[in-house]
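Below are the chains, spelled out letter by letter.
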Amino acid sequence: MSACEAAKITRSSQSVSLFNAGPAKLPRPVLLKLQKELLDYNGLGYSIMELSHRSAAYARLNADTEQMLRESMSIPCSHAILFMHGGGTGQFSAIPLNFMETKGRTTAEHGVETRTADYVVTGLWSSKAAQEAKKFGHINMVCPVPEKFTYVPEPATWAPSIDASYLYYCANETIHGVEFPEVPTPPTPHAPLVADISSNFLSRPMDVSKLGLAFAGAQKNAGCAGLTIVIVQRELLGRCDPRCPVVLDYGIVEKHSSVYNTPPVWSLFVFNQVLKWIQETGGLPAMEAMNKAKSKRIFDAIDQSGGFYSSAVEDKWRSRMNIPFRVGGPNGSQELETAFLTGAEARGMVGLKGHRSMGGIRASLYNAVTEDEVFLLSSYMEEFMSANR
Ligand SMILES: Cc1ncc(COP(=O)(O)O)c(C=O)c1O
């Protein structure tokens with residue numbers, strides 16, 4: 001690469017506003033700290049990437065990260081924190097393998113076993129989770145699946161099954177932009193709640209004590225890919241299917257303090273630095289206030305556009321993290337949307353293209369996306385509308 005090309009990349013990487021859905025933007029101070037530590041971790045004289053996971057330094061990093069997460073989210077002692085591999089998709093299998101218990105019921109797919117779990121499907125990610133869980137037992141949909149994934153059927157109307165081992169939902173559907181504003185309260189009795197919090201993790205305070213398990217891939221609000229964070233109620237450990245791969249067995253991971261096998265040392269370090277940044281920035285209440293203000297700015301631009309921009313998601317279920325919207329009417333105009341994206345890129349805003357299954361635009365406003373960057377986007381939305389309506 002010529003010096004000229006390198007200079008161009010350096011310039012552009014500083015001036016780009018990244019609205020990626022994940023992997024996503026990291027806070028600038030965190031990136032600078034990572035750059036500094038890359039060659040010499042904590043004065044050891046070698047890189048964090050070269051650090052043994054059996055060293056005292058790693059044990060400290062692991063414990064410090066766990067403690068910071070526990071404090072940030074007020075995670076009670078009843079819940080263990082695990083650092084795992086395999087991403088959210090790994091958890092789609094780990095959850096049924098660890099939790100589905102044989103309770104006796106006859107079904108066409110599985111004969112006389114069987115193991116049952118309740119699922120709430122509100123978008124592509126919960127749909128994929130339910131699909132994967134079907135390999136391991138009977139899946140009961142506790143409510144009708146919304147045709148276009150634009151809302152959540154009210155939790156009070158859900159119909160949990162009496163023999164379910166857990167009740168699964170996705171707290172924020174990254175693709176469809178549907179978010180639960182709080183941990184839901186289904187009708188009683190119901191099995192322990194299991195939540196996919198991958199894309200709203202650390203974006204607001206969350207009452208984890210109401211959850212049997214929550215999991216998140218790190219690559220949105222918590223750092224970079226490679227690390228999966230699992231928060232699990234200790235009393236649910238120990239019921240794992242003996243055929244479960246050892247790396248997905250919560251009991252084993254917990255017993256070995258998340259170092260049964262080689263952990264993603266670098267990704268954990270990044271997560272540690274992100275947690276420090278969150279604490280220094282005012283913790284989850286500050287993240288929530290910022291995220292409320294940022295998402296309001298974009299929703300205001302949509303709602304005040306007289307239909308030029310449109311969001312299909314019902315107000316109550318609108319996500320603060322991922323905002324899919326159309327340009328030029330509810331079904332979008334391909335010409336306008338292409339022009340919108342081209343203009344955005346010319347102004348240094350990237351990552352705004354909607355998911356391939358949805359089309360349109362999607363603005364992901366994770367913690368690291370600044371209010372200035374969101375202002376840039378909303379100003380551009382106004383400018384584009386004035387020029388094209
Ligand atoms: C809400 C949600 N759950 C699960 C996943 C799957 O995560 P992974 O790609 O880490 O397996 C994603 C990925 O973006 C997601 O957004």
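The rules behind the values
- Residues numbered from 1 in each chain as written.
- Predicted model: local features only at pLDDT ≥ 70, side-chain atom pairs only at ≥ 80, totals over all residues.
- Heavy atoms only, no water.
- Axes fitted to C-alpha atoms, helices over the stretch in contact; angles between N-to-C directions.
- Helix = DSSP H or I, 4+ residues; strand = E, 2+ residues; numbered from the N terminus.
- Parallel < 35°, antiparallel > 145°, perpendicular 65-115°, else oblique.
- Left-handed = near helix turned anticlockwise from the far one by under 90°.
- Contact = heavy atoms within 4.5 Å.
- Near = heavy atom within 4 Å.
- Polar contact = N/O pair within 3.5 Å; in protein donor to acceptor, adjacent residues only side chain to side chain.
- Areas by Shrake-Rupley, 256 points an atom, 1.4 Å probe, with all protein chains shown as cover.
- Nonpolar A, V, L, I, M, F, W, Y, C, P; charged D, E, K, R; others polar.
- Domains from an automatic or database assignment.
- Buried area = accessible area lost by both parts, 1.4 Å probe.
- Salt bridge = Lys/Arg side-chain N within 4 Å of Asp/Glu carboxyl O.

> So what's going on with the packing of helix 3 (residues 56-73) against helix 7 (residues 265-280)? Which residues, and what values?
The contact between helix 3 and helix 7 brings their axes to 10 Å, and the two run at 40°. Here helix 3 is positioned oblique relative to helix 7, judged by the angle of their axes. As helix 3 packs across helix 7, the resulting crossing turns out to be left-handed. Of the residues in helix 7, those touching helix 3 at Tyr58, Leu61, Asn62, Asp64, Thr65, Met68, Leu69, Glu71 and Ser72 are Val265, Leu268, Phe269, Phe271, Asn272, Leu275, Lys276 and Gln279.

> Any chance you could break down the site of the ligand for me, citing the residues and the numbers?
Residues in contact with the ligand amount to 13 residues; listed here are only the nearest, Thr89, Thr174, Asp196, Gln219 and Lys220. One of the side-chain nitrogen or oxygen atoms of Thr174 is found 2.5 Å away from an oxygen atom of the ligand. Residue Lys220 places a side-chain N or O atom 2.8 Å away from an oxygen atom belonging to the ligand. When the free accessible area of the ligand is taken as 390 Å², the share hidden by the protein chains comes to 84%. The biggest single contributor to the shell around the ligand is helix 4 (residues 87-99), with 4 residues. Taken together, the residues that form the shell around the ligand break down as 3 nonpolar, 8 polar and 2 charged.

> Residue-level account of the domain arrangement of the protein, with values.
As assigned here, the protein comprises domain 1 (45-279) and domain 2 (282-388). Each of domain 1 and domain 2 was reduced to a C-alpha centroid, and the two centroids are 28 Å apart. Each side of the interface is counted separately: domain 1 has 28 residues, and domain 2 has 25 residues. Counting each side, the surface lost to burial between domain 1 and domain 2 is near 2300 Å², with a carbon and sulfur contribution of 59%. On inspection of domain 1 and its partner domain 2, the count reaches 1 salt bridge. Put simply, Lys316 and Glu154 hold a salt bridge, and the shortest N to O gap is 2.7 Å. At the junction of domain 1 and domain 2, the tally comes to 14 residue pairs in polar contact (both at pLDDT 80 or more). Those elements that provide at least two residues to the side of domain 1 that touches domain 2 are helix 3, strand 8 (178-179) and helix 7. When residues in the side of domain 1 that touches domain 2 are grouped by element, the largest group, 3 residues, is from helix 7. A per-class count over the side of domain 1 that touches domain 2 returns 13 nonpolar, 11 polar and 4 charged.

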